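Examining the three-dimensional arrangement
These are the residues of each chain, in order.
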Amino acid sequence: MKKTNSTALIEHGLVAVIAMTLIVVLGWLSFNIKFLSPVARAIQEFSLSDMYYNIEWQENGAPEMSRDITLIDITEVRKRDEIANVIEKVKQCSPAVIGVDIIFEDQNYDIHGDMVLMDVAEASGAIFAYKLTDYAPMTDSFQERVRSYFATDSIKEGYVNAIGDMTATCLRRFSIERNFRGQPQRSFTAQVAEAYSKNDIPLGKTDDRFINYRFIDFPVIKYDSVLANRNLIKDRIVLIGTIGEEADMHFTPLGKRPGLKVQAYSIQTVIDQKNIETTDDNTLMLLSLLICWLTALWQLYWIKFVNSRKNSLWVFLANSNIFFNGITFAWLALLAWLTYIIYERMEYYIPMVMVLASVVLVAEARDIYAAIINGLANSNDTFKKSVYYKDKKTS
Amino acid sequence: MKRLILTLLFIFCISFCNMILAQDYHVCEASSEVCTIAKGVKTPVTKKQVINEKERLEIPAYGYIILLDSINRKSYKIDTPCRDMLKNIISTDKATVEELTLKYFRYIWKKMCGNYDMAVTSTVGQRVTAAFRDIDSLFVDSTARGTALTDTVCRPIACKRDSTVQQDTVQVKIHRKAECEKDECKKDE
């Protein structure tokens, strides 16, 4: 009996391996065949973390207001001398750090405005944005950059490139460091957070991180009421940029958000040390295999249990695919719940796409394995001992 | 009998003192940046210092402090940046599994009902604004592919009749684009 049980466990393992093989093959096909690319994109876009944020944000009531970061909205300000004036006013309110999330790319016809902004940029000690371009995959390094016209070595700068695939992408991560012509450069987020905390992010911890879109919001001050809100600026990080500019809107798990707020969430993640850790690919593969194995185990025993009942209700359930699918759905919901608890309690994110997809394919894998076993049982009686063997006479 | 009463009194006094002392925490270890704030003056925390739970504490990013509540035999390691009363910092705890489970099932139920509650409780104005926002986002760029009902960022476009929606939205976009081109300051992320 003990031997039979251990054989059954191994067989469930084989079913799990078939399910994983199916997911790898289907995944490979989706990513390599052009006309299946929408499927691949849909899989890429799926993340359970979006659901976690939505759960957190569904709560009624106002979110917690950040005590570290304040945003200054200059959407309606067009002239550069006026922007300089806003920076100057912010400086008067003694903020801890000023970050300007705008690239002033070219000098325009307003020479006076350009000169004023240049002077203020140098005197303010603010951190300005720039963009890295022309990525060379061979050297893992960017070759060009777009900077403000006044950029010099004395002005602090950080790149503001978003992590994406150049198509419509949900912003879930931010970077700490990228290479420019072989030299490591710190991001705008990292520069601002380091200046505020007066501590550098250690060299070994420069991997891309998840943006923690927790239940927090940031005070937004309009450009013309800076001095009236000194208390919201003093000793805080002040990010100057656009809140209502459509060109700077990004798709996030919370919906459409301005780039300035995405920066604020990224910076808050760093200074709060609320980094979300995640599993590496090998661990994820093992976890998927384990969960597939468990799924194969309970599904088979459920089928056997229901089939062995004589009651009419159980007979109905045994023949009802919808009911079986309902139970599988509940199992998926349970797995999602477990990962949600792990995420909230331990700030550890398990990417569940592969796990959930392979669980869905377990039924398919079980049929494939049963077909193989039944085929082999015709020529060799030992396969008839398999738990997946269906005796045609009895069935 | 007298001894018994004295012993009870002694125990009572000790317990009372413990209760009072429980409001104080002993600093076991602290990074150099951690400080207390009294009347706007920051004082760095030192080892073996006693901090009352009503004192304001500032822990910067990457700073930490280990406190000991000797009476309750509990130690606290605080390493999240904060600027608040010690009492509030310590009492801030994560949601329990039960609370999280409740939230989770409430969310699942809401989704299963197709956000029915949200649709029923919202006003006509809110629904129209949300619809216009969604249409608005389609004309923007490929990175802005949708809005949430809770989104407070997008400026709602004034309600118009259905037939004019698309045309007006496009005009708004063209107008905004023209504004951007006029102005050379570009913003990219």
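Criteria and cut-off values
Residues numbered from 1 in each chain as written. Chains lettered and ligands numbered in written order. Predicted model: local features only at pLDDT ≥ 70, side-chain atom pairs only at ≥ 80, totals over all residues. Heavy atoms only, no water. Helix = DSSP H or I, 4+ residues; strand = E, 2+ residues; numbered from the N terminus. Buried < 20%, exposed > 50% of the residue type's maximum accessible area, 1.4 Å probe, protein only. Contact = heavy atoms within 4.5 Å. Areas by Shrake-Rupley, 256 points an atom, 1.4 Å probe, with all protein chains shown as cover. Axes fitted to C-alpha atoms, helices over the stretch in contact; angles between N-to-C directions. Parallel < 35°, antiparallel > 145°, perpendicular 65-115°, else oblique. Left-handed = near helix turned anticlockwise from the far one by under 90°. Nonpolar A, V, L, I, M, F, W, Y, C, P; charged D, E, K, R; others polar. Expected span 1.5 Å × (residues − 1). Arc of directions from axis to C-beta. Salt bridge = Lys/Arg side-chain N within 4 Å of Asp/Glu carboxyl O. Core = buried A, V, L, I, M, F, W, Y, C linked by side-chain atoms within 4.5 Å. Pairing = 2+ DSSP bridges.

Counting its secondary structure elements, chain A contains 12 helices and 17 strands. Put simply, chain A has 395 residues, and 49% of those count as buried. A fraction of 78% describes how many contacts in chain A between residues 6 or more apart in sequence connect residues 24 or more apart. When the accessible surface of chain A is summed, it comes to about 19400 Å², and 58% of that surface belongs to carbon and sulfur atoms.

For the rest of this paragraph, the subject is the packing of helix α8 (residues 281-308) of chain A against helix α11 (residues 353-360) of chain A. Residue and element names in this part refer to chain A. In contact at an axis separation of 9 Å, α8 and α11 are set at 30° when each is read in the N-to-C sense. The angle between the axes of α8 and α11 places the two elements in the roughly parallel class. Here the hand of the crossing between α8 and α11 comes out right-handed. Within the contact between the two elements, α8 uses Leu284, Met285, Leu287, Ser288, Ile291, Cys292 and Thr295 and α11 uses Met354, Val355, Ser358 and Val359. A per-class count over the contact of α8 with α11 returns eight nonpolar, three polar and no charged.

Moving on to helix α12 (residues 362-377) of chain A. In an α-helix there are 3.6 residues to a turn, and that puts residues three or four apart on one side. Residues and elements named next belong to chain A. In a regular helix each residue adds 1.5 Å, so 16 residues correspond to 22 Å; α12 covers 22 Å between its end C-alpha atoms and thus fits that length. Restricting attention to buried positions, one finds in α12 the residues Val362, Ala365, Arg366, Tyr369, Ala370, Ile373, Asn374 and Ala377. For α12, the buried positions fall inside an angular range of 165° around the axis, keeping them on one side.

Residues and elements named next belong to chain A. Put simply, helix α6 (residues 188-197) and helix α7 (residues 259-271) touch, their axes get as near as 9 Å, and they point 45° apart. Judged by the angle between their axes, α6 and α7 are oblique. Both α6 and α7 take part in a crossing whose hand is right-handed. For the pair α6 and α7, contact is made by Phe188, Thr189, Val192, Ala193 and Tyr196 and by Gln263, Ser266, Ile267, Val270 and Ile271, respectively. For the contact of α6 with α7, the per-class residue count stands at seven nonpolar, three polar and no charged.

Our next topic: unusual backbone geometry. All names here are of chain A. If you check the backbone angles, Asp140 has positive phi at about 50° while not being a glycine. Within the secondary structure, Asp140 is located in the loop between β4 (127-136) and β5 (141-146). Assessed through its relative accessible area of 43%, Asp140 is described here as partly exposed. The phi angle at Asp235 is positive, at roughly 60°, despite the residue not being glycine. By secondary structure assignment, the location of Asp235 is in the loop between β12 (220-222) and β13 (237-241).

Further remarks concern the pattern of salt bridges. Residues and elements named next belong to chain A. The full count for this structure, using the stated rule, is 13 salt bridges over all chains. One salt bridge connects Asp50 with Arg172, and the closest N-O pair in it is separated by 2.9 Å. Residue Asp50 is found in helix α3 (residues 48-57), and its partner Arg172 is found in the loop between β6 (156-159) and β7 (173-174); the two are separated by 122 residues along the sequence. The class for Asp50 is buried, based on a relative accessible area of 16%. Given the relative accessible area of 13%, Arg172 is considered buried. Across the salt bridge formed by Glu245 and Arg78, the nearest N and O atoms sit 3.7 Å from each other. Taken together, the residues span a long stretch of sequence, with Glu245 in the loop between β13 and β14 (249-252) and Arg78 in the loop between β2 (69-73) and α4 (80-92) at a distance of 167 residues. Among the residues examined, Glu245 registers a relative accessible area of 12% and is labelled buried.

Residues and elements named next belong to chain A. Counting 59 residues, the largest nonpolar core has Ile69, Ile237 and Leu239 as its most contacted members. Top element by residues in this core is helix α10 (residues 321-346). It accounts for eight residues. When neighbours within four sequence positions are excluded, Ile237 is seen to be in contact with Asp68, Ile69, Thr70, Val97, Val192, Tyr196, Ile267 and Ile271. Residues Ile74, Ile102, Ala121 and Ile233 belong to the second largest nonpolar core, which totals 26 residues.

All names here are of chain B. Taken together, four strands build an open sheet; the order of strands is β3-β2-β5-β8 and the sheet is antiparallel. Pairing within the sheet leaves two strands with one partner each, and these edge strands are β3 (41-44) and β8 (82-85). Direction aside, the axes of adjacent strands within the sheet are offset by 25° on average.

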